[in-house]
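# Overview (structure and organization)
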Amino acid sequence: MELKEYQLNAIRTVKNYLNILKAEVDDFLELKEVKPKIASKINFANEAWDSLKLKKYNNKHNGLGEIVPSFCLKVPTGGGKTLLATYSIDLINTHYLRKQTGFVLWIVPTSQIYNQTIESLKNRNHPYRQKLDMSSGGRTLIIEKTDRFTPQDINENLVVMVLMLQSSNRRTKEALKMFQDSGGYTEFFPPEDNIYEHQKLIEDCPNLDYFDEIHSLFPSRQVKTSLGNVLRVLNPIIIIDEGHKAYSTGAQNTILGFNPKIIVELSATPKKESNILVNVSGLDLDREEMIKLDLNIINKSSGDWKDTVLATVQKRDELEAQANKYRKSTGKYIRPISLIQVERTGSNQRDGNHIHSEDVKEFLLKQCNISPDEIAIKSSEKDDIEGIDLLSEDSSIRYIITKQALQEGWDCSFAYTLTILAKSSSETALTQLVGRILRQPYAKKTGVQDLDESYVYCYQQESGKVLESIRNGLKMEGMGDLSNRVTGLSEGNDDANNEVQQKIKIRDQFKEEKGKIFLPKFFYEQENRGWRPVNYEIDILSRIDWDEIRLDKLKELKLAINEKMKDEVFKVGITDESDLVNRYDYQEEIINNTEIDLSLMSRQISDIVPNPWIAFEISKNVTNMLIEIYDNNVINANISYVLEELKNLLEKEKNRLAQIIFYELIDSNRIKFILEERKASIPNFNHRVGKNEKRLVRSNGEPIEKSLVEPVVDSEFNTLEKSFALCLDTHEKLLWWYRNIERVDYSIQGWRKQKIYPDFIFTDIKPKKDIDFSTVYVMETKGDHLLGNEDTIYKEDIFKLCNELGKKTSWNALGLEFKDKEFVFHLVSQEEWKKRLHSLLN
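Throughout, residues of each chain are indexed from 1 in the direction in which the sequence is written. Per-residue local features are limited, in this predicted model, to residues with pLDDT of at least 70; the limit for side-chain atom pairs, both in listing and counting, is 80 or more; totals at the level of whole chains, interfaces and linings are taken over all residues. Side-chain descriptors were evaluated using all non-hydrogen atoms of the structure, hydrogens and water having been removed beforehand.

Strand order in the open sheet formed by 7 strands is β3-β4-β2-β7-β8-β1-β9, and the pairing between neighbours is parallel. With partners counted over all chains shown, the strands left at the sheet margins are β3 (140-143) and β9 (276-279), one partner each. Shown here is a sheet whose adjacent strand axes are inclined to one another by a mean of 20 degrees, direction ignored. When DSSP finds two or more bridges between two strands, those strands count as paired. A run of H or I in DSSP counts as a helix once it spans at least four residues, and a run of E counts as a strand once it spans at least two, with each numbered from the N terminus. Bridging between strand β7 (residues 237-241) and strand β8 (residues 262-267) involves 5 bridges; their strand directions are parallel. What sits directly across from I238, in β8, is I263. Working rule for contacts: check all heavy atoms of both residues, and any pair within 4.5 Å makes them a contact. To get an axis, a line is fitted to the C-alpha atoms, and for a helix only the part in contact is used. The angle between two axes follows their N-to-C directions and goes from 0 to 180 degrees. Running at roughly 165 degrees to strand β4 (residues 158-164), helix α5 (residues 111-122) makes contact with β2 (102-108), β3, β4 and β7 of the sheet.

Quick look at the structure:
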C-alpha cells in the first residue's frame with residue numbers, strides 16, 4: 001500500500017520524536033543510577049517535546065506516578081488515522097521500547113468503530129493487520145476483553161486488545177466486572193498462598209485492586225486476579241481512537257490507571273490538552289486526492305419533500321452514468337450511493353406528520369422505480385447493511401435511509417450525496433453527517449469533475465444556517481480549513497446566500513499581465529513529436545537500472561536476538577505430594593527455521609520498486625545477505641526493522657540514480673529548462689474562495705494592495721507564509737506577488753516523484769520604461785525545524801540547477817514580454833527570509 005506524502009511526513013515526525021524521547025529516557029535512567037535526587041526533578045517527556053519547538057507540553061502521569069509520554073496524531077476524517085496508529089505501534093516498539101512483543105490496549109469510543117477496528121485488525125489481508133504482522137514478525141494476536149491470554153502470549157506475540165471506552169470506565173456496571181477477581185488470569189500473579197510475593201507486587205504496583213485479609217492471624221493483602229489488574233501490570237502501549245472523547249475526569253483516570261508506557265491519541269479535533277505532534281490539514285488530504293471536493297449544496301425550496309428526494313435520485317443516476325463510462329476507460333468500479341436522513345425510523349413512529357424511513361422507501365419504490373434490493377434502512381431497529389461490503393460489485397445498494405445511525409464511525413467512499421429531510425434536527429444532522437460523503441473512491445481523483453465532488457440536498461432550510469452547519473461539519477471532521485470549498489445555490493426566494501464562492505481574478509492595476517505570465521519548467525524532447533513536460537514515471541523511473549543499487553549497508557544491520565526464540569514444552573505431571581498440578585517444567589527446543597516471506601517483502605517495497613519481479617529479486621538478495629549473518633528466526637523477528645531500513649536505502653538509491661539520469665538527459669539536451677508557450681503558468685482562474693472567508697489584510701488592518709489576484713483568503717497561509725506575504729505587500733521595490741496554489745498552479749518536476757510547488761512568485765518594479773518588470777522570483781519558505789532534511793536539500797538542489805540553467809537560457813523567443821527577463825529561484829528559512837528578501841529587492 002503506497003502511503004501519501006502527508007502520511008510519510010507523519011511517520012518521519014513520529015520516528016524523530018521517539019528517537020529523541022529514547023535518548024532523553026536513557027540519559028534520565030543513567031542519571032537516576034548515580035544521582036537519583038537530581039533525576040527525580042527531570043521530566044524526560046517534557047525535555048524531548050521542548051526539543052521539537054512545539055506548543056507547551058501537557059504532562060501526564062500514570063497510576064504509579066510515573067511520567068507517561070503522550071502525543072496526538074491530528075488527522076481529519078478519511079485521512080488514515082488507524083493506519084498511522086499501526087505504524088506508530090511499530091515505531092514505538094522499534095525506536096523507543098526496542099522490542100517486538102508486548103501488549104497494546106486499543107481504546108475506541110463507540111460500537112460502530114469497535115466493530116470496524118476489530119474486523120480490520122483480525123483480517124490478515126488488511127493493511128492494518130499486515131503492518132502489525134511486520135512489526136511482530138508475524139506473531140500478532142488480536143483479542144477482545146472476553147478472550148483469555150497468558151504471560152507466554154505476551155512474551156511471544158504482539159497482543160492487541162480492542163476495548164470500548166465505556167467498558168473501561170469503572171462507573172459502569174459492565175466495567176466493574178473487568179476489575180473483579182475472575183480467577184482467569186492467575187498466571188500473571190503470585191500463587192494465592194504466597195503472601196510475601198503479593199505484598200511485594202502491591203508495593204511495586206500500588207494501584208492494583210486487592211483483598212484485605214484482616215480477619216486472619218496475620219493480616220495480609222492478596223491481589224485480585226482481574227483483567228483490570230493484568231492491564232496495570234503489563235504497562236501497555238495505549239492507542240486512543242477519537243481521543244477528544246476521552247478527556248472526562250473518569251476516562252482520564254481510568255486510562256492513566258492502566259499504567260501505560262506511552263499514549264497515542266488519534267483525533268480529527270483534539271482537545272487543547274492534547275499534545276499535537278502531527279497536524280494534518282484538510283488541505284493535505286485534498287492535495288493527495290483523498291476527498292471529494294467541491295462540496296455542492298442544493299437547498300430546495302419546494303414545499304414537498306418528495307421533490308428533494310427526486311432531485312437526489314436524478315443526480316445519483318447522472319453520477320452512475322458517468323461512473324459507468326469511467327469504468328469502461330479505467331476498469332475501476334464506482335457505484336454512487338445516496339444517504340437520506342429522515343425524521344423517524346421506528347416501526348411505531350409512522351404517524352403521517354413526520355418524514356419516516358418507510359415513507360421515503362415507498363416513494364423510491366413506487367414513484368422512482370427503484371428496485372427493493374437497491375434500498376437499505378439503517379436504524380437502531382433495522383440494519384439492512386450489516387455485514388455487507390458496500391464497495392463490492394456484488395452489492396446493489398444505492399440508497400441508505402437513516403436518522404442518525406451513520407453519524408459516526410461509518411465509512412463508504414461510494415457515498416456521494418447526502419439528503420437532509422429532517423427539519424427539526426437538520427443543522428445537527430448536516431454537521432454530523434457531512435463527513436460521510438467526503439471520501440474519494442480509491443483515494444484518487446477520477447478526472448471526471450462530477451465524480452470528484454460531493455453533493456448535499458436540503459429540504460426547506462435557511463441558506464445561512466445550512467452554510468454554517470456545513471462549515472461546522474467540516475470542522476468536526478478536522479477540515480475547517482476547507483470551508484471555502486463549499487459551493488451551491490438556493491432555490492426559491494432566498495437569495496441572501498445564493499452564491500457562496502467566487503473565483504479569483506487579476507487586480508485591475510495588473511490586468512495587462514493576464515495571459516502573459518510564463519514560468520520555466522523542465523521539458524523532455526520526444527522523437528519527432530516536439531517537447532512535453534517531464535514525466536517522472538516515463539522519463540526517469542523507467543530508466544533506472546536497479547542492478548546498480550548499493551545494498552551493502554544492510555550488512556551492517558544489528559538485529560535483535562531474542563533469547564526466548566525457543567519453544568516451551570509444558571508437561572502435566574505429579575508432584576512428590578502426589579497432587580495433580582501444571583508444572584512449568586520445560587525443556588528448550590530450537591524452533592525450526594521458518595521461511596522468510598519474500599512475497600510479503602516484495603509487496604512492501606512495491607511503492608519504491610514498481611516492477612514486482614525486480615522487487616522480488618531485491619528481497620531475495622537482501623535475505624541472502626542477512627542469512628550469512630543471522631538465521632531465519634532472527635530475520636523474521638526483525639522483519640519490520642529490516643523492511644524499514646531496506647525501504648530507506650532503496651529510496652535513497654533510487655533518488656541517487658534518478659539524479660544521475662536527470663543530469664545525463666540535460667547534458668544530452670533531451671531535457672531542457674524552457675518556457676511553455678501554450679498557456680500562462682499563473683494564475684489558475686478556476687481557484688475559488690469562500691465569499692465570506694476572512695481576507696488577508698496588512699498588520700495595520702488595511703487591505704493588501706500588491707497581490708496579483710483578488711481576493712486572497714487568510715486561511716490559505718501558515719504563520720511563516722503570512723509574514724512573508726505581508727512583507728512583500730509593503731515592499732516599495734515590489735511590483736506584484738502571487739501565492740502559488742499547491743496541486744493547482746506552477747510546479748517543477750525534478751528527478752523525484754513529487755513535484756515542487758513553490759510558495760510564492762513575485763516581481764520587482766520595472767527599472768526601465770519599455771518593460772514592466774525585469775526579474776521573476778520563485779520562492780519556497782521553510783520552517784527552521786525542516787532545514788537539513790532530505791526534502792529541503794532536494795528543493796535547494798533543484799533551485800540551484802534552475803538558476804544555473806536559467807543563466808544559460810535566453811527567454812527572448814517568446815517576444816518582448818520576456819526580453820531580457822531573469823528568473824531567480826530561492827529557498828529561504830524562517831530565520832533568514834527577511835535578510836534574503838531585502839538583498840534581492842534592493
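The structure having been displayed, the exposition proceeds.
The subject of this paragraph is a negative patch on the surface. Two joining distances apply to patches: 9 Å for like charges and 5 Å for nonpolar side chains (Val, Leu, Ile, Met, Phe, Trp, Tyr), and every residue must have over 30% relative accessible area and no salt bridge. Computed by Shrake-Rupley with a 1.4 Å probe, the accessible areas treat only the displayed protein chains as cover when residues are assessed. Criterion for a salt bridge: a side-chain nitrogen of Lys or Arg within 4 Å of a carboxyl oxygen of Asp or Glu. Here the positive residues are Lys and Arg and the negative ones are Asp and Glu; neither His nor the chain ends is included. Positions of charges follow a simple convention, taking NZ of Lys, CZ of Arg, CG of Asp or CD of Glu. Residues D545, D547, E548, E664 and D667 make up a contiguous surface patch of negative charge. Only protein chains enter the accessibility calculation, which uses a 1.4 Å probe. A residue is then buried if its area is under 20% of the maximum for its type, exposed if over 50%, and partly exposed in between. Taking the relative accessible area as the measure of exposure, D545 reaches 35% and is therefore partly exposed.

Further remarks concern the sheet that holds strand β19 (residues 520-526). Across the sheet, 3 strands lie side by side as β20-β19-β25; this open sheet has antiparallel pairing. Bordering the open sheet on either side are β20 (530-533) and β25 (671-675), each of which pairs with just one other strand. Neighbouring strand axes in the sheet, compared pairwise and without regard to direction, differ in orientation by 50 degrees on average. Note: β19 against β20, 4 bridges, orientation antiparallel. Across the sheet, Q526 pairs through a bridge with G530, a residue of β20.

Before going further, it helps to examine the nonpolar core. Definition used in this section: a nonpolar core is a set of buried Ala, Val, Leu, Ile, Met, Phe, Trp, Tyr and Cys residues joined via side-chain atoms within 4.5 Å. Core analysis: the largest hydrophobic core is formed by 94 residues, its most contacted members being L18, F71 and L295. Examining the composition of this core, we find that 9 residues originate from one element, helix α1 (residues 5-34), more than from any other.

Another aspect to go through is the side chain of R316. Tracing the sequence through the fold places R316 in helix α14 (residues 305-330). Side-chain polar atoms of R316 contact the side chain of E320, separated by 2.6 Å. The contacts of R316, once residues within four sequence positions are left out, are P336, S338, R398 and Y399. In the analysis that follows, any N or O atom pair within 3.5 Å is treated as a polar contact, provided that within protein one partner can donate a hydrogen and the other can accept it, and provided that, for residues neighboring in sequence, both atoms belong to side chains.

Turning to the packing of aromatic side chains, a few remarks are in order. Note on ring pairs: Phe, Tyr and Trp rings are taken, using the six-membered ring of Trp, and paired if centres are within 6.5 Å. Classes follow the plane angle, with under 30 degrees stacked, over 60 edge-to-face and the rest tilted. By the definition in use, this model includes 25 aromatic pairs. Where F28 meets F44, the ring centres are 5.3 Å apart and the plane angle is 45 degrees; that geometry is what we call tilted. In this pair, F28 is assigned in helix α1 and F44 in helix α3 (residues 44-50), connecting sequence segments 16 residues apart. Both residues of the pair, F28 and F44, belong to the buried class. Measuring from centroid to centroid gives 5.1 Å for F762 and Y777, while their planes differ by 20 degrees, and the two rings are stacked. Of this pair, F762 sits in strand β29 (residues 760-764) while Y777 sits in strand β30 (residues 775-782); the two residues are 15 residues apart in sequence, bridging distant segments of the chain. Looking at F762, the relative accessible area reads 0%, which means it is buried. Its relative accessible area of 6% is what places Y777 among the buried residues. To sit over a ring, a charge needs its Lys NZ or Arg CZ within 6 Å of the ring centre and within 35 degrees of the ring normal. The ring of F760 carries the charged tip of R739 above its face, separated from the ring centre by 5.8 Å.

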